[in-house]
Every structure is written in structure tokens, then in C-alpha cells.
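# Per-entry structural report
Spelled out from the first residue to the last, the chains are:
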There are 4 protein chains.
Amino acid sequence: MIKRNIFKNIGPLDHRYSLRDEFKDYSTYLSEEAKVKYQATVELALVKALAKRGICSQEVATQVEKAVKEITPEEVYKEERKTKHNIRALVNCIQHKVSEEAKPYIHFTTTSFDIVDTANSLRYKEATEELILPTLKELEKLLMEIALREKETVQVGRTHGQHAVPITFGFAIAEYVSRLGNTIQDIEESSKQLKGKIAGAVGAYNASHLFFDQPESFEADVLAELDLEASTHSTQIVEPEYITNFVHYLTSCFGVIANFSDDMRHLQRSEIGEVGEYFDEDQVGSSTMPHKRNPINYENVKSMWKEFMPRMMTVYQDQISEHQRDLTNSASSRFIPEIIVGLLSSVNRLIRVGEKLVVDHDNMKKNFAQNKELVVAEPLYILLASYGHPDAHEVVRKLTLEAEETGQTLRKLVQTKEELKPYWEQFNQKQRELLVNPEKYIGISVDKTEKIVKSWSNKLDIELTG
Amino acid sequence: MIKRNIFKNIGPLDHRYSLRDEFKDYSTYLSEEAKVKYQATVELALVKALAKRGICSQEVATQVEKAVKEITPEEVYKEERKTKHNIRALVNCIQHKVSEEAKPYIHFTTTSFDIVDTANSLRYKEATEELILPTLKELEKLLMEIALREKETVQVGRTHGQHAVPITFGFAIAEYVSRLGNTIQDIEESSKQLKGKIAGAVGAYNASHLFFDQPESFEADVLAELDLEASTHSTQIVEPEYITNFVHYLTSCFGVIANFSDDMRHLQRSEIGEVGEYFDEDQVGSSTMPHKRNPINYENVKSMWKEFMPRMMTVYQDQISEHQRDLTNSASSRFIPEIIVGLLSSVNRLIRVGEKLVVDHDNMKKNFAQNKELVVAEPLYILLASYGHPDAHEVVRKLTLEAEETGQTLRKLVQTKEELKPYWEQFNQKQRELLVNPEKYIGISVDKTEKIVKSWSNKLDIELTG
Amino acid sequence: MIKRNIFKNIGPLDHRYSLRDEFKDYSTYLSEEAKVKYQATVELALVKALAKRGICSQEVATQVEKAVKEITPEEVYKEERKTKHNIRALVNCIQHKVSEEAKPYIHFTTTSFDIVDTANSLRYKEATEELILPTLKELEKLLMEIALREKETVQVGRTHGQHAVPITFGFAIAEYVSRLGNTIQDIEESSKQLKGKIAGAVGAYNASHLFFDQPESFEADVLAELDLEASTHSTQIVEPEYITNFVHYLTSCFGVIANFSDDMRHLQRSEIGEVGEYFDEDQVGSSTMPHKRNPINYENVKSMWKEFMPRMMTVYQDQISEHQRDLTNSASSRFIPEIIVGLLSSVNRLIRVGEKLVVDHDNMKKNFAQNKELVVAEPLYILLASYGHPDAHEVVRKLTLEAEETGQTLRKLVQTKEELKPYWEQFNQKQRELLVNPEKYIGISVDKTEKIVKSWSNKLDIELTG
Amino acid sequence: MIKRNIFKNIGPLDHRYSLRDEFKDYSTYLSEEAKVKYQATVELALVKALAKRGICSQEVATQVEKAVKEITPEEVYKEERKTKHNIRALVNCIQHKVSEEAKPYIHFTTTSFDIVDTANSLRYKEATEELILPTLKELEKLLMEIALREKETVQVGRTHGQHAVPITFGFAIAEYVSRLGNTIQDIEESSKQLKGKIAGAVGAYNASHLFFDQPESFEADVLAELDLEASTHSTQIVEPEYITNFVHYLTSCFGVIANFSDDMRHLQRSEIGEVGEYFDEDQVGSSTMPHKRNPINYENVKSMWKEFMPRMMTVYQDQISEHQRDLTNSASSRFIPEIIVGLLSSVNRLIRVGEKLVVDHDNMKKNFAQNKELVVAEPLYILLASYGHPDAHEVVRKLTLEAEETGQTLRKLVQTKEELKPYWEQFNQKQRELLVNPEKYIGISVDKTEKIVKSWSNKLDIELTG
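An unreviewed UniProt entry annotates chain A as Adenylosuccinate lyase originating from Halobacteroides halobius.

Turning our attention to the pairing of strand S3 (residues 162-168) of chain B. All names here are of chain B. Buried residues dominate S3, accounting for seven of its seven residues. Here five bridges tie strand S2 (residues 154-159) to S3, and the two strands are oriented antiparallel to one another. Within S3, the residue paired with Val156 across the bridge is Pro166. The loop that links S2 with its antiparallel partner S3 comprises two residues; one of these, His160, has a positive phi angle of about 60°.

Here we come to the interface of chain B and chain A. Interfaces are often sized by the accessible area lost when the parts come together. With 100 residues of chain B at the interface, the matching set in chain A holds 100 residues. Of the roughly 8400 Å² buried where chain B meets chain A, counting both sides, 59% is carbon and sulfur surface. Here chain B and chain A share eight salt bridges between them. In this structure, the salt-bridge partner of Lys430 of chain A is Asp213 of chain B, at a minimum N-O distance of 3.7 Å. Of all the elements, helix H9 (residues 241-267) of chain B adds the most residues to the side of chain B that touches chain A, at 16 residues. Its residues assigned to classes, the side of chain B that touches chain A comprises 44 nonpolar, 35 polar and 21 charged.

The next thing to look at is the pattern of salt bridges. What the rule picks out here adds up to 164 salt bridges over all chains. A salt bridge links Arg311 of chain A to Glu307 of chain D; the shortest N-O distance between them is 3.8 Å. Taken together, the residues span two chains, with Arg311 of chain A in the loop between helix H10 (296-308) and helix H11 (312-317) and Glu307 of chain D in helix H10 (residues 296-308). What makes Glu307 of chain D buried here is its relative accessible area of 2%. Between Arg265 of chain C and Glu322 of chain B there is a salt bridge; the shortest N-O distance is 3.0 Å. Of this pair, Arg265 of chain C sits in helix H9 (residues 241-267) while Glu322 of chain B sits in the loop between helix H11 (312-317) and helix H12 (330-333), which puts the two residues in different chains. Accessibility classification places Arg265 of chain C together with Glu322 of chain B in one group, the buried group.

Once that is clear, we can look at the relation of the copies chain B and chain A. The operation relating chain B to chain A is a screw motion whose rotation component is 180°, with 0.0 Å of axial translation and a residual RMSD of 0.0 Å. Taken together, these values place the two copies in the relation of a two-fold axis. Same-surface contact between copies: 100% of interface residues of chain B are shared with the interface of chain A.

Positive phi, close to 65°, is recorded for His107 of chain A, a residue that is not glycine. As for its position among the elements, His107 of chain A is in the loop between helix H5 (86-96) and helix H6 (112-149). Its relative accessible area of 0% is what places His107 of chain A among the buried residues. Even without a glycine there, the phi angle at Arg325 of chain B is positive, about 120°.

Let us now look at the environment of Leu343 of chain A. All names here are of chain A. With respect to the helices and strands, the residue Leu343 is situated in helix H13 (residues 336-354). Here the alpha-carbon distance between Leu343 and Leu136, two residues 207 residues apart in the chain, equals 9.7 Å. Ignoring any residue separated from it by four or fewer positions in sequence, one finds Leu343 in contact with Leu250, Cys253, Phe254 and Ile257.

This next bit is on helix H8 (residues 215-224) of chain A. All names here are of chain A. Taken together, the buried positions of H8 are Pro215, Phe218, Glu219, Val222 and Leu223. The buried residues of H8 occupy an angular sector of 135° when the element is viewed end-on, so they sit on one face. As for H8, its buried residues are in contact with helix H2 (32-52) and H6.

Under the local residue numbering, the UniProt record ascribes the feature "domain: Adenylosuccinate lyase C-terminal" (unreviewed entry) to residues 372-453 of chain A. Helix makes up 70% of residues 372-453 of chain A and strand 0%. Its end C-alpha atoms lie 28 Å apart.

Per-residue confidence for chain A gives a mean pLDDT of 93; residues scoring 70 or more make up 97%. For this predicted complex, the interface score ipTM comes out at 0.95, alongside a pTM of 0.96.

Parameters at a glance
- Note that residues are indexed from 1 along each chain, following the sequence as it is written.
- Chains and ligands are labelled sequentially in the order written, the chains with letters from A and the ligands with numbers from 1.
- Totals for whole chains, interfaces and linings use all residues, but because this is a predicted model, local features are given only for residues with pLDDT of at least 70 and pairs of side-chain atoms are given and counted only at 80 or more.
- Note that water and hydrogens are dropped before the side-chain values are worked out from all heavy atoms of the structure.
- Per-residue accessibility, obtained with a 1.4 Å probe over protein chains only, is compared with the maximum for each type, and a residue is labelled buried under 20%, exposed over 50%, and partly exposed between these values.
- A run of H or I in DSSP becomes a helix once it reaches four residues, and a run of E becomes a strand once it reaches two; helices and strands are each numbered from the N terminus.
- Pairing between strands requires that DSSP locate at least two bridges from one strand to the other.
- Throughout, a residue-residue contact means that at least one pair of heavy atoms, one from each residue, lies within 4.5 Å.
- In short, buried area is how much 1.4 Å probe accessible area vanishes from two parts on joining, totalled over both.
- Salt bridge, as used here: a side-chain nitrogen of Lys or Arg that lies within 4 Å of a carboxyl oxygen of Asp or Glu.
- Three residue categories are used. Nonpolar comprises Ala, Val, Leu, Ile, Met, Phe, Trp, Tyr, Cys and Pro, charged comprises Asp, Glu, Lys and Arg, and polar comprises the others, including Gly.
- In this comparison the copies share one frame, found by least squares on the C-alpha atoms of residues holding pLDDT of at least 70 in both.
- Read the arc as the range of directions from the helix axis to the C-beta atoms.
- UniProt positions are given in the numbering used here, feature names are shortened, and annotations may be inferred rather than shown by experiment.
- Values of pLDDT, the confidence the predictor places in each residue, fall between 0 and 100.

Here's what the structure looks like:
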């Protein structure tokens, strides 16, 4: 085994971020070891399909199954030093472990990228089912719980960083329940679209057609062993758009949690202080300012998004491959697992910190109070307009300026204006109440929060505790 | 009207590329005029829904309909110079054209981005149906016809720019029928997912809830006028992932045609010469080399892809909007129409040049002949392996080196080797024939081409002429 | 003249943002008209150099000079419809305007991209000198003036959005004086590195060598007419790294002003309120919330940065051109003027809004006061440490927690602790004073601000008024 | 030590590409271990400067020097689990190793990013001097040698993938000598611009001003120990533009070698075959086509460029940091070493494969011969024009069409045309000779190649062997 001190690694994912417990899971699907394992699995699927068709014996398949289990990346890499070709090396390694009878059936009629592309589709699909979706759903569940818990916590709505009309904090979180929910669905769906191929060196089934009249049917058999379908058309490689879409949805999901993190960061600003990351007693915020407590986790997620989002450009460039393919997508596509690990690290971080998210209800109230009186401006304008005032927007805009200058509240000011009296008197009870109690002017924040949580709980089959 | 010499424009889309006839169509959906028109349409839908609920009279709706038809961007921009707010300007312009009774119902309970986002979803959706999809399908149809026409034209398959085993040129084109077909479907589907919103300043229906107990139902009514659905959750804006997905699929489609163009470019290399762009008699290839004929159209498409592909990064960045939204996606999202026009210009170019695409069958034959003898290597290796040779790949690799050095053909050489005779004799008739006639070693290129064309003809409802 | 309603344009630069007065200046250097004009200028330089060498008569040069002045993009585009080649079209147009004797000297021995690349270098260089640098320096000057004016205005320093130790607002602005200053220098220097070429179709001076023994010297003569130097090596095109560096520095400059805009945006948050954009009396902040005043200008600049920053990826891709060049950088490089106009629009916006920037000194004081007591933590820790306390950071961290819980000020608390007394007594007068007056703990903010302004004033030759 | 099987790593740089011998060197500067080592070096520089000023004793500096040498990332990470702060952890680890007297001087008055940013500048600067520049110069030298060796090898020039007029292969390589030379200079220069800072938590020297009247002078002293200069202005961090420029030049350099690789790839196309990668006897080209020899190394470099070029977008995003800094550049900037290693891996690959680059002179001749006759078109047009033919370009364009149709050579054809005779007769001897011997029409390819090699040999101080 080639062991190395992790701190001699170059990539932060392989030193700094690999110290988390979750790294073992990432490695199961997304390391080089995993890749070799999945490639061997595809080689096995091929032989199994041959055995089912009676082309080779079941005994051959059994031998190959045993051989494949024993394969290690170390031996494949050692062999590759000789062949300078990684899949040929894998094939040689399997062949060394089986009988002479079995040897010819290894890699039978296939080209390297039948194995490589099919194995990648398989492992990204399984990683999605077994790792990505469960992790994302754990975060989704956490957000749902916060949304429900805080569904009635009045918070000032902010647009352009300016106080607007109020919502509830639960409603603000429901935004992310909804957006994350949508990307979870898209990731799941696009992972199911990842395709395999057993169509040979240029995609025309040249080799397999030597033996099968319906080589597409043989391809389907092999892929069925892996629960995959074939690319509609292949060259040497699977059509690149399936993986492009998949990485797009991962990237889009990363954008959603980066936005969430940005919101949480800003809500922790000293002047706002509406949420906080819980701090361990021993934790240091700054090496020189002992009083500092920084939103480092949300900053970290934003930072990771900046690192991984641009990598989508690599994937777009890899859509282009000359003729029946050039190899210029080979090295670059080896980095796709990093994108997944980057995303998952960030999601796991949000789960950890989200479980300890502190909401400061007092500050929420205080901040809302700051411009509470001005909130009345919106319903006032709308009511004036609806009761026929010809220039409501302008009138209210000027009233707010006057309120600011004189220090009076807007609702009092409005009642002193003779020309507005006719309108005021037409307002109904509920409408007047909202003008007097701006904290009730939250629209359907509570109902909508419940509705969204319920809807995503159903769609994603997430059971809420309590 | 503010008219300007087009050559004083900065953007190539608005000078150089705008000289094509198609520009008029682009402008219908994607210009600033179009945007204002669509925004006015949303304002109208709002009033219509109010009229249907009896909140305002049908007469009001009729007035607004008339007013909206007359709106020009010139007057809106003129008003904006006063208000410094584009939607307020639009609202003022409509109000100037209607009776006092109608005025209050204009923009009733909505916020600017109810109008802006809904209008954008509407116009991108309609542009997709009426402009993007028809254009893409025209190219798809052209590719289908070339694929069928050339389905039996043997061409050497190329991987890594090296001659591999043969395919047919029709099969090579079928790759793009399939990949373009897939992106057409994705674009259509994602355009249908574009959503509207009538949920107010922070998305909680604060204003509309003043008048409606079920403001979501009112929102649905307004959007139904436009054949749109509501975003699952809104803040001041529609969830950004719908448009992100839509632009992703446009970008991915651009990648497909860029790849196609790259292939066509390289097939026109002097040494390859398998296809050509038809040249007008008067056309100049080079200002100094009068003999040059350059693949300028395919080069242009590749170049446009390089310009527009990175803009997806802008869209990803625009997923992030602070709290109930900041405005930092406002200017940037104004550039999305450029991406669409960039794509459509390129597609229209490919249609024009594709209609005159010249295939040089002689050169295809000549190029294939160059390494024809070596093509035998693949089936030979596979057959040897399948008939039990323990080291077939290595044997054939060495045979090809020997063939190269001695100038003999591979298939002759193989027959001189005593140790290979036992295998040779086991090959069946079809197999021996392929070894002798490499041009038949095209797998199922012909059938697969037909199958793909037929399948996409059905899925996309494209009728093939002839 | 081909005139078009600007609202039928696709690009926001050519409709929305083109309504500003500055657009005329942009157009002078960066429109299609400008490009044609500059290309004609290069054709003229060529003939002038020929005349100086006596290869053609001075009369020929005079004729060409006159012809070049008359050239319009309209006639060139009309001719291009025939030739399908833009530079051939230009050459034809010039030739139509001169005598038979003069005709052969037009475009003599050159290839299209001798003209195209040289003309672009020329116009980007002149645009830098005459448009970009003056505009940037105007912003720089404005920042300098704000920095000096506010050099003593105490503001809380913020790291991670959390209150840290204080600075002055002038010092915060000095950051941008310095960073903008650096990019101004880099833009200037890299613009001077933009090169021309008169080296023919493949860069080997094949054609000019027919007539000149030292064709590089002839190239130097032509370029000297334009105050340009030759690319060290050329293919059909100038080495791409010169323009790549130039656009990099523009992009980097855009990043600096985007950062500045982000800071100004956040300082306008309702809870912070330290700066404001001056609002016209008639200006509307929100279509539905008449009380809103949004930092739309700073948001706009951030948004424009998101649009234009990714375009650097196009420039990087255009570094790659096959062999003696493919044309896939042709369309894409036509969009570079948009990047410049995007940047300049944003800089001009910052100038306009910066001139009316309102600083709210009361809010700065109020915000600083919020955590003023905790600011003491840093100097306290450092002083304790410096006077030998073995665990100063930890002690102070715990003291701040205690201060928070008990509501006492840190400096009082520290004086109650017996174990800290020995250290306290060693502090000198200046040090104790800073612990008692946290608003004096601003380091060298004032001096540094002055120093930076003075330094950049000298380096960039910017005279400060008053 | 935390050791891990390298195949469990996620990143290809840390498994696949780390198997090369060079990895040890990369790790010396660019691993996490290296980062910690450099940070400790900065902490030492601080104490040394204190000792020189007599603030602490020389003995303290000696203790710290010894402590710093012993520091391992393992112990720092272990301590970080407690402090949750990496620099505090480093400081604690150093303090544990020194006397009570020395402890207070560790990290004296500094903030974490004084250490982090200064250490990064230091290691990137040293990595440039000791690793990046030597590696790049080795490639440069190799290119110079090939250029000189092949300076007279006639090769057809190619524009748009079409045969144009001839150059020499040495001249084609000289392009990359020149472009790589330019980026080497730029990388060197920008690395020297990397700055440090010892300016405290918000950049105003708040803490150091407690002890020094001229804290900038103290900062200069500390940085002088490391041969660095101070950032003109700092916040918590060094101005981001220095590192942005440095990574830009690395990225630009990557573009140059990607272009070179693309050229070499295409020259290996089966139909072109002008260069080849030398293949080991045992090397496998394709797992299924034993005759294939693929340009995998040049493909790999192109692929790596696609992976790393977009990461510049991360660096541009990291220019933006709120107020006196947010931490959202922290995680992302940890990935910069990957960019350097990606580049160096590719350069080392090019060196390995370049040393065995095979030039096929026969194919170069053959390819040139293919359109040799048409090459005459350019000088013919130019000569006709120069001798006064009013429409030379058009005449020659038509002649080439006729030559193509009739199979005659252009130069023969031209002599049959009565109307051209008057011009022909005016051509001088040298000019006629070039029309008859197109392989001499290579301009100044040979001289220019020599000149470029000589110039870069001087500028970069590269001695050429032989």
C-alpha cells in the first residue's frame, strides 16, 4: 500500500477537510480506489451477461467475481507502469487471477471507455442514492424543523439590505426548504439519467457485432446487471450531456446553500445579531481579538462555493470532443469527484452548525421595531390607491419624508391630513388594524411556511420528528 | 423614437450580427421594447383577473388593454428619468392613459418584481415555443436528412485524431441528431418550468392579503391569464433555479453545436478534406492568399460558444441574493437575452451553411484507405481472444508493429504465423470476411443511424421530407 | 445610414446604458464605426511608410489619407456582402476612392490580421489614454477627497461582519485609493504593451520579404506611424498574451470597484446606516413600498461585475489558436469592447453617486459605541502578554464572556481581578489611556490615510482641489 | 503521523498525479505541511525583529528558532481541535516549546492573517524562484533546442486548418519560445510583487502602535527578515490584487502550453503525421485497438488546462471581501497550490515527452507538396498588385479556381495569360525564383527563429547546450 502523511497532500480536500469522519464515506464512492472498484464491477457485469447468454460458463463468471473482489488499485497502478494504459492494466490484473478458460471473456469486445464511462455513471448514481441524497435530506429536514419552530417569529423582511415589510423567520427559512427541495429532486432525477455504454471503440458496436446480431441488446443486458441504461448514441464515450446536467444540478444546489449561508452570515452582523453560531467554551474567534465570534462556518460554505462553482466551466468545455472523441476530457473529468466532496463537506458543515443555530428573538424584535412605523407605508399606499386615491404612491412617499423629519409616526400623521380622511373612513376593520399593528402585516407567512414544509416532507419522503 | 446608427453600437449582436433578417424575430422577444411590452402584458393580466373577480369593472380591464397596446419604451424611459424607477414609470404611463376609476387597479397590490420576473418568464417561455424550438428543430431536421443521406458512406472513425475502426458519415452525424435532440427536449421542458409570482414585496403576499383571504389563489388567477404557474416559494423574486436551469440547457445546447462545428472544421483541414462549405463565386477566403477557402462559419460558431458559455457563471452567481433579495441580479439578468440571441445566431448560421454542406466521398474513401489494413487489428485481437488466445492484445500489437516495419498487410501477416493458425481456422465465414474487407467493419452504423433519426423524428414531431 | 430604434437592440449596453451622455465617448473608440475607422488608419500608416521609403509617391499617401477620412462602415459592410470578407471589403472601398496609381499600395503585402490586430491594439491603447485612464482617475480623485475629508471619522472596523477594533472612515476609503491606484497603473502599463504586426499571413514576412530584405524594419516603420511596437513573434496574429493581460487588469479593476460597492451597499443596511446615496426628491425607491431608499447604484455596479468578470474566461480560451491560427477567436474578440464599456459605465456611475455620498457621522458613532467596551479586549490581551502574562489570550477571552454576562465593562472588570493587578500597574500612561478611551485605539489610521493619498496623488499625477 | 493510502484520496493530484517523482518537490512548497512550516517561519521572523530592536533578548529568538524547526502539522492540527482556530493553535504549539520569558513575544501584536498572508506570499515567491521558474525554463530550453534544430525544416503554414504559405517547423516552435518566454518573465515579476503585512486585525497597526511610534517601520523590519515588502495598504489581509496578478500569469502560461499541446496533437493526426510521441515498446495505445498510438500526453495537458483555467474565476471572486475583510476567501484560497501543481505537472509532462518528440520530415514534405502549387497565389497576387495590376486579388482568385478545375499549376497558367504577361516581365530574378520554388517562399523564418531563441536565451539566462 502506498501510504503518505496526509499533510504532504496538495489538495485541502485530502488534508484539511479529510479529517472529518465523513471522509470515509466520500472515499467509498469518490476516491481512486472506488473508481477502480467500480471499473472492476463493470468488467464483472460484462462476464455475467456473457454467462447468462451461455457464451461463457457460469464457472467463468464465478472466477471473475472472485478476482474482481480482490483487485486493488495498487496492483492496477503497478501494472499500468508497464502498459501505460489504465484499463488495459486492470484487465491484465483480472486475467492474472483467473483460469486460461476465463481469460478471453475479460473485457470481451469492449473498449476502455465502455468501462470507464459506465463505471463513472454507476458510482455517481450510487453515490447519489446512498450518500448525496441522504446528506441533503438531512439538511432539508433540519431546515424544515427550524422553519416550523420559527414560523411565527416576526422578522423584518429585507430587500436591498433595507427594511421592507415583515415576514416571519420561519418563512425566510421556508425559502431554502423549497429551493433545496427542488434541487434535491433535480439531482435525484439527473442521477437516474446517467447512462452506460458497451458500444465499442467508436460507438458503432463494431466489435460486439462480430458476435451478436443485435449488439444493442447485449449492451442492454450488461447494463441491466448494473441497473443502468444505454446512452441513446455513443461515440467512444457516452453522450456528455448526462453528466453535464448532473453536475449542473449539483452546482445549482451549491448555489442554494451558498445563498443560505450568506443570509446567515449577514444576520450575524454585530448590528443585526438575529442568529448566532453556538461557540464551544474553548473556541477562539480571533488570534488577537479575544472577544470576537465569527460566522466562520457560513463563511466557509460561501468560500467553498466560490471554489467549486467555476468548475462547471470545465464540464461545459468537456462537452466538446473531436470526432469519435479526443482524450482531452480524461484528466479533467477525474476532478468531478472533488466537486461532489466539496458540496457534501459544505452540507455536512451546515448540518453540524444548523443543529446549534441560535435565534435571538429579542434582536429580531428590536430590529423590526426600528422601522416598524414606516412599514405602514405599504398598506397605506395600497389602501389609499384601492379606495381611489389618484396619486397614492406619491402622497405616501412624501408623508414618510415628513414623518422622518418631524419624528411623528406615519399612521398618526395620516390621520391629521384632511384630504386623506375620506379614504381612511372607508378602510375596514382588518385593514385599520394592520395599520395600527404593523407586526401583524406578515401576509400569509405562517400558513405558507407550513404548506411548504408539508409539501416537501411528502415529496421527499422526509418524516419530521415531533 | 430614439434612433441610432447601428454602427455606433458597442455590441456585435447589435451591429454586425444584427444585419441578418432573423434579427427582427430576435428583437420581437428579446429587445428592450419586447421586455416593456411583456411587462405591460403582465400588468394587464393583473387587471383582467381583478375584473373576473368583480373587483373592478370589465370596462376598466378594457381601458387597460387599450392602454397597454399603446405603451412604447420611449415614453416609459422618459418617465423613468423622473421616477428613477422603471416599473413605477411603466405604471405611471399606463395610468396616464386610463380613467380615474381605472387608475387604482393598475399594479394593484404588486411589487415591481412581480411584474419583472413574471414578464421575463413569459417572454422566455414564448420565445422558446415560437422562436428557439422552431429554429433548433430546423437544424435538427437538416442533420437528420444528412444522416440519412450519408448513412452508408464509410468514414474512418477517429479517436484522439487517430484513425480507429470505421463508421459511416451518417452515423457520425446521428451523434448530433441525438445530442441536439436531447437538449431540445430539455430546453422545452425547462422553459415550461419558468414561473411567475404575484406575491408582493417580500413574497409573503402582505399586500394582497389585505384584500384576499387566499392570495395564492388570486396569484394563480393572474398567472393563469399568462399560462404560467407560481414559484413554489418567492421572496421579492421568483426562485432563481428555474431560470438557472433554463440557461443551463441553452448553454449545454450551445456546447453540442460547438462540438459539431469543431468536427466540421477539422474535417475541412487541407489534409482531410472530407467536407466543405460551399463558397460563393465572389467570396474571398483571405485578403492576401487568394486561394484560401476557410471554414469561417464553423469557426464562428465555436467562437460564439467561447463568448457565451462563460456567461453561465453570471447566472450561477445570480442565484445568490441576500435575504428577501438584493438587487445585484438586476443589471446582470438584463444580459440573458444576449445568450439566447448568441445561440440562435449560431444555429441559424449552421442551418445556412449546412444546407450547402459538401461531402467529398472520394476523400473519405482515400482517408479510410490510408490505415485500412490496420483496422483489421481490432477484430483480429478480439477474435483471437474469443477463441482462447491467452495474450491476444499483445500479439496483435506486435504484429501491427511488424506490419508497419515490413510493409505487409496485417491480415496476410497473421496467416503466416504458425502459432496463430489454430485460431484462424476457427473463425466463421462472416468473421473472416470482415478481416478481408475492413470497409464492412462498420458495426451497426447504418441501422443505428436510421433508428436514431426515426426516434427523434417521432419525439420531436419533425416530419422528414422525402 | 442604417438607423434603428435603440429599444430594438438586444444588449443593455446598446439600449438601457447607452442613454447616458458618456455613450458618445464609448462609441468613439469602441463601436463598430470606431473599429472600421481604426482599421482604415492602419491601412493609411502602411502607405505612409511606403511613401517615406520612396516606394510610392507622397501624392499616393495624400490620396489615401483623404480616402481613409471618408470611409464609412456602411460602405464597407455593403461591399462585404459581396466579398464575404471584411478587410477585403475595406481595401476595395479605399481603392475605389484613389487613382489607379495608388491602388496597388493599398494593403501592400499585408494580411487581414495585420490590419485587424494592429487596429485593435491601437484603439485599445488610445481608449486607455484618452478615455479609460481619465475616467478611472476621476473616481480615484473622488475617493482621495473622501478619504482626506473623513480621515479622522472614527468607524468601527469590521471583520467577518463583526465589530473588531476601530479605524477611521477615511482609512477605509484609503484602501480603495490604494487598490484602484494599483490597477490604474497596471492598466496603463499593460495598454502600452499592446502590440501590432505587419508580418503577413503566417507571421514569417513571406510577402513583405519579396520587397524588403529587412521586413522587420519595414514593419517597425509602419507601426511607428501609430506609436506601436511589433509583437516579438507573430503568426497570422499578434501573440495573444498582450491583450489577455490588458483585459485581466480591466477585470481586476472591476473587482476592486465591485468590492467598494459591496462595502457601500452594506454600510447602507437599515441597521447600519453609516452612508447613504443622496436621493432626488422625486425618486422612487420601491413601486410598492413608498418609504424605501435602496442602494441601487452600488447594487448595479456589483451586478455589472458579475456580468463582465466571467468574460475573462473567453479571453483565456482565445489564447488557444491552432497552428498559425484558426479563426475561433474572431467573433469572441469582437465582444471585448463590451467589457470596457461595462467597466466604464460602472466607474461613471460611482463618480455620479460618489459625488453625492452622504456619511452619517451619528450612526458611525452609535455603531462604534455598541461594542466599544469590548474593543478594549485586544490591547488588554496584548499588553498583558507583553508584560509577561503566560495565558493572556485565554484570560481576556473569559473576561469578555464575564463582561457580557454581568453587563460590566471590560476595563472595570479587569481592575477588579487581583491576579491582573501586577500587570495593570506596569502599563504606561499612553497604554492606560487607550484602554479607557477605545475611540483612540485607531492605530495610525489618520497618518496612513494621508500618506496613501499623497503617494497616489504623486504617482498618478492627480491634483487635489482644496 | 496521519498516514493514508493515497488511493483513498479524492483529488487526482493527490493520487494519480502524485506518483511522479516531482511530487516531493511540489509538496515541499505547496502541501499543508509546507504551509504550516512557512507560517512558523513568519512567527520566527517576528521574534527576530523584536530581538534586533532589543525588545526581547537574542536568547528568546534562539529558543523560538529551535521551536519553529520542530513544529509539525500534526501537533498544530491536534491543538486546533481544541481552539477551533488554526493560527492560535500554531501559536500555542510554539509557546509550549519555549520558556515563560519567551512566550509573550510569540505572535506579538499580530493578527492571524499577518501570519497567513505573509507566509503565503513567502512560499509562493520561493516556490516561484526555486521550483516554478526552473521547471518552466527547462521546457523553454527544450523548445529553443527544437526550434534551432528544425529552423530550416520547411512546413506548410496553416491558418483555419487550411494550407497557407510555408514557414519552417523551427519558426513554428519559436512562437512558443517567445510566448512562454514572455509568461516566464511575467510570472517572475509578479511573484516578486507578492507582499506581506504586519498591520494587525484591521490593518491600522492598532496593536503594534501600542508599542511602536512607527509601526510601519517595525513591519518593514519583520518582512525584511523574509525578503518581502509590505502591502501598500492592508485591511486584515494583504491587498488581493498581488496574488490575483500572480495567478493570472500562471493561468496565462497554462494557456500557452495548452495551445502548444493542441498544435502537437493535431500534427499527430493520422492524415498529417508530422510529429509523434515516442512510444515505449510495451506501451498500449488502446485497450481494444492494438494498433493505436495516441497523443495522450498532449491531450492530457489540454485537459489539465480545462480543469485549472476556470479556477481563475475563484481568484477574481476572492478580490471581494467585505469591509476590513470577511473570511469567504479562506477556504477557496487554500486551493491555489492545486493550480500551481496542475501547471507544473503539465510542464513536466511536456518536458518528458518533448525530449522524445519525433519529427517526421517526410510527412512535412509530403503535406507541403499537396498545395505547393497554390502557395504561389499569394506572391503572385502581391507582385501583380505591386506592378500595378488594378485587380490582382480577384484575378488570382479566379486563376486558382481555374488551376483547380484544369489540374494545371498556377505558375504555368499565369504564363499563358496574355493580359498578365506585361506584369510577369517586370518581376525581378528573386521574385520569379520564388514563384518557381514555393519551398523558398518562407520569408525570414530561419533568421527570425535564430533571433528569437537568442533573445530569450539572453533575457532568461538560459545556456543552450551544443
